[in-house]
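Chain and residue survey
Residue strings, one per chain:
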Amino acid sequence: MGSKGWTRTKSRNLSRPGPWPENEVTRRNLEMKLGMFMMPLHPPHRPMHETYDEDLAKVVHADKVGFDEVWIGEHFTASTEPIANAMTFLAAALPLTKNIMLGTGVVNLPNHNPVIVAAEAAQFDHMAKGRFLFGIGPGGLASDFEVFGNEDPEARGEKMLEAYEAIRYIWANDPPYRFQGKHYNFHITENIIPEMGIGFMPKPYQNPAPDIGLSAMSPFSGSVKQAARKGWSPISANFVPEYSVASHWKKFLEGCEEAGIAPDGNRWRVARNIIIADSDSEAEDLAHDPMGSTHYYFDYLWKALCGANYSVAMKPDPKMADEDVKLDDVISQLVIYGSKETVTEKLIAFRENVGPFGTLLQAAVDGSGKNGDAERRTMAAMSDFVMPRLAGALVDA
């Protein structure tokens with residue numbers, strides 16, 4: 001856990017009728033955690049070294065103000081999202097931070113050799129002394145799919161699962177190794193010298209493995225059900241509407257039931273764009289400013305999803321035609337903004353509507369935009385004001 005860890009202390013009636021199925025998880029004492037999710041996303045004209053410095057400073061600041069965790073995305077073929085290896089980037093944060101957990105958000109396994117990922121993740125876990133969260137996924141960027149030959153969505157899903165099986169096989173065993181799969185095959189059977197350590201793959205610092213996060217952005221996502229069955233932590237994307245986030249909780253319950261696992265909201269992370277200002281009107285202006293970072297963020301994502309023929313992920317109403325979707329309406333529905341008091345109330349209502357997630361991830365935006373400097377103020381207000389009150393409002397009735 002990070003430096004704070006907010007625990008509920010005040011009462012709010014959560015037993016009223018609503019979308020949460022009546023089960024033990026609605027009555028448990030849930031601890032609330034605060035994190036940050038960074039794609040990261042920057043305008044393509046910005047120099048890479050400049051955005052790396054900015055993103056690293058955000059990680060350090062998050063640790064300073066008491067965030068519990070941060071997740072960093074990876075992409076290979078987008079100058080707007082220029083981090084190709086999250087672990088390489090996060091290694092720079094290790095000596096500059098003390099408490100914050102550092103997560104890959106996510107390693108797109110079909111784009112990698114699982115033997116390399118297994119070794120690199122084990123190394124990073126040791127370097128981080130266990131401050132490592134291992135986020136994985138099938139990928140989400142069409143140009144990445146193309147460059148690696150992973151255009152087939154069914155094959156991508158197969159490769160992701162098989163790659164993780166290979167990684168866990170390596171971490172759970174000593175040589176000789178022999179892995180035969182549909183997509184991946186490897187072995188070390190001949191060149192093994194135990195007294196010299198030759199032929200041995202590294203195991204993680206955390207035993208048996210770091211916590212696993214799996215990203216999800218589709219309504220009624222099968223990835224969430226899959227994560228629940230495997231004991232992983234689903235991460236609901238910040239750019240999906242409320243109904244979609246609520247559907248993730250339903251799929252989580254289905255997966256837990258199938259696996260015979262008690263549902264635990266502490267395993268569920270939900271990301272959201274959040275803007276806190278001195279007044280509701282100022283926050284609204286920041287959210288909708290055409291020159292602002294938030295406007296750029298959602299304009300970029302909308303165009304990218306439309307280009308990938310997957311605009312349904314972001315639509316407030318999945319039945320709407322693309323041409324009927326207005327960006328200001330999307331921002332109004334997907335961004336939680338206002339004064340710190342208003343944001344607190346909005347987050348309480350949001351959590352009651354979607355389900356009992358245990359970690360809230362504030363989505364990071366570009367710092368060069370007109371409202372980019374508001375992000376640090378929002379981070380401080382989330383840590384110092386909003387989270388203690390949000391946790392306090394979630395006590396069992």
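Scroll up for the structure.
In short, a report on the structure. (Residues numbered from 1 in each chain as written. Predicted model: local features only at pLDDT ≥ 70, side-chain atom pairs only at ≥ 80, totals over all residues. Heavy atoms only, no water.)

On to helix α8 (residues 280-288), then. Among all positions of α8, only Ala283, Leu286, Ala287 and His288 are buried. Check the buried side of α8 and you find it contacts β11 (269-276), α9 (293-307), α10 (327-334), β12 (335-338) and α12 (374-392). (Buried < 20%, exposed > 50% of the residue type's maximum accessible area, 1.4 Å probe, protein only. Helix = DSSP H or I, 4+ residues; strand = E, 2+ residues; numbered from the N terminus. Contact = heavy atoms within 4.5 Å.)

Looking now at helix α3 (residues 114-127). Along its 14 residues, α3 runs 20 Å from first to last C-alpha, staying within 8% of the 20 Å computed at 1.5 Å per residue. Among the residues making up α3, those that are buried are Pro114, Val117, Ala118, Ala121, Ala122, Phe124 and Asp125. Buried positions in α3, seen along its axis, are confined to an arc of 165° and lie on one side of it. Between a side-chain oxygen at the N-terminus of α3 and the backbone nitrogen of valine 115 the separation is 2.8 Å; the capping residue is asparagine 113. Immediately downstream of α3, the backbone of lysine 129 shows phi near 50°, a positive value. (Expected span 1.5 Å × (residues − 1). Arc of directions from axis to C-beta. Polar contact = N/O pair within 3.5 Å; in protein donor to acceptor, adjacent residues only side chain to side chain.)

It is worth spelling out the nonpolar core at this point. Ile72, Leu109, Phe134, Trp171, Phe298 and Met382 are the most contacted members of the largest nonpolar core, which has 117 residues in total. No other element matches the nine residues that α12 contributes to this core. Here phenylalanine 134 is in contact with Trp71, Thr104, Val107, Val117, Ala121, Tyr164, Ile167, Trp171, Pro210, Asp211, Ile212 and Gly213, once residues within four sequence places are set aside. (Core = buried A, V, L, I, M, F, W, Y, C linked by side-chain atoms within 4.5 Å.)

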